[in-house]
Amino acid sequence: MEFNFFTFIFLFAILTSVLALLWLNFRQDKAIKISFNEVPEDFKETITLEDHQKAGHYTQAKLLVNHFEIIFSTIVLLIWTLGGAMNWLDFFWQERISSPIWLGTVFILSIMFIASFIDLPFSIYRNFILEERFGFNRMTIKTFATDLIKELVLTLALGLPLIYAILYLMNLSAIGDYWWIYVWAILSLFTITMMWIYPTFIAPIFNKFKPLENNSLRNRIDNLLERTGFGSDGIFVMDGSKRSSHGNAYFTGIGRNKRIVFFDTLLKGMEDEEIEAILAHELGHFHHKHVRQRIISSFIFSLVSLALLGYLIKQVWFFHGLGISNPSSHTALVLFSLTLPVFSFFITPISNLISRKHEFQADAFAASHTDANDLISSLTKLYRENSSTLSPDKYYSAFHDSHPSAILRIARLQ
Ligand SMILES: [Zn+2]
């Protein structure tokens, strides 16, 4: 294999991102150690030292697994590319499949399956050892295995036609160099369709959804929806307790097909007015059109990325520099999707910065339509029940966190 200058750029980007991630983890670990024996001032009355220390241990345990994951996934990436594994797999299928589109489809699917197989031990460790140790795991081996099978079937049912269509367009001589615009259109259409069908067709494959039953709460919520002018497919309760005792609430779907979903584990232990405040926060995201902004920016990002791929696919140095000797549409796609995260790593903090700004806006919306104190007490409970740390490192948080820290959010609400 002939490596080139691009190989060095790639290695340099990997090295920088790995060192940055490990350094941030190290800082986070240190921040937790420093605050270990004292509950932060604002939480002295609501969080016990015992809960605070459990959150500290939990965060540290997650960081340790993450250390291994960062190093392990980097080694795997290097084996796929510079190590020649992907090149070998490409030749393996070339000898067996003659149609370039089918060859590409099978190649991409086999890489996806091998990658998820490699990830399996981490997933098992996380659910059955780490989460179990802190009392959060509710998943049985049976649920874990059925989830895997369902994901496999879904990937084949949805992924196979999509990959085939993309490779078909890439190999279509009639559209020539502008294939990436067509591929972008197909991908965007696919994303929108997925968002549309997700709440009613995909999510129920994994969980049960029931309309919210509690009557006094129902009244409160209907009132709030009326006050804020929100039209939706309904408010649902999901059996999150099937897998984990972590609680959450989210907003899903688009157009009239949108839903607000509460985990059953979140509703347990919350007062009606606290749930109303959480809902008001979610409605704040809707009111400020955050979902729409996210979709539009992801479409712009994918258009720019595909245009870049349209350029790279014609450059031999791109393939040779990453360990592929025989340039093709399918190897370009895989190389690109494997290496893009290494480079886009550097824009993660920007996307999280915008996300945190959105969280503040949603909090402000909730505070103007419900009592801010209810949101404060529900957030405090959420942090306590999920053992989320109250004292993150500021650099770690700025880089990784899509939500502002509890202290900042509560300070703003006050
Ligand atoms: Zn939010």
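Quick caveat: nothing in here was measured; it's all calculated off a predicted structure.

Chemist: Give a description of the overall build of the protein that names residues and reports values.
Modeler: Looking only at helices and strands, one finds 16 helices and four strands in the protein. Rg of the C-alpha trace for the protein: 24 Å, near the compact-globule value of 22 Å for 414 residues, within the 12% margin. For the protein, the spread of C-alpha atoms along the three principal axes comes to 65 × 50 × 40 Å. Within the protein, buried positions represent 26% of all 414 residues.

Chemist: Quick one: what's the story with the environment of Ser73, residue by residue and with numbers?
Modeler: Structurally, Ser73 can be placed in helix α2 (residues 49-80). By the C-beta count within 10 Å, which is 16 here, Ser73 ends up partly exposed. When the C-alpha atoms of Ser73 and Ile118 are compared, they prove to be 9.3 Å apart, with 45 residues separating the residues in sequence.

Chemist: Hey, could you go over the nonpolar core for me, with residue numbers and the actual values?
Modeler: Counting 32 residues, the largest nonpolar core has Ala249, Val261, Leu279, Ala280, Ala366, Leu375 and Leu379 as the members making the most contacts within it. Of all the secondary-structure elements, those providing two or more residues to this core are α2, β2 (234-238), β3 (249-252), β4 (259-263), α9 (272-287), α13 (348-369), α14 (372-385) and α16 (406-413). Per element, the largest residue contribution to this core is seven residues, and it comes from α9. In contact with Ala280, not counting residues within four places along its chain, are Leu224, Phe365, Ala366, His369 and Thr370.

Chemist: How would you summarise the packing of helix α7 (residues 215-228) against α9 if you had to cite specific residues and measurements?
Modeler: Interhelical geometry of α7 versus α9 gives an angle of 30 degrees and a closest axis separation of 10 Å. Here α7 is positioned roughly parallel relative to α9, judged by the angle of their axes. The handedness of the crossing between α7 and α9 is right-handed. Of the residues in α9, those in contact with Ser216, Leu217, Arg220, Ile221, Leu224 and Thr228 of α7 are Asp272, Ile275, Glu276, Leu279, Ala280, Leu283 and His287.

Cut-offs used in this document
- Residues numbered from 1 in each chain as written.
- Predicted model: local features only at pLDDT ≥ 70, side-chain atom pairs only at ≥ 80, totals over all residues.
- Helix = DSSP H or I, 4+ residues; strand = E, 2+ residues; numbered from the N terminus.
- Rg over C-alpha atoms; globule rule 2.2 N^0.38 Å.
- Buried ≥ 20, exposed ≤ 12 C-beta atoms within 10 Å, placed from the backbone.
- Core = buried A, V, L, I, M, F, W, Y, C linked by C-beta atoms within 7 Å.
- Contact = placed C-beta atoms within 7 Å.
- Axes fitted to C-alpha atoms, helices over the stretch in contact; angles between N-to-C directions.
- Parallel < 35°, antiparallel > 145°, perpendicular 65-115°, else oblique.
- Left-handed = near helix turned anticlockwise from the far one by under 90°.

Coordinates in, geometry out; function isn't part of it.
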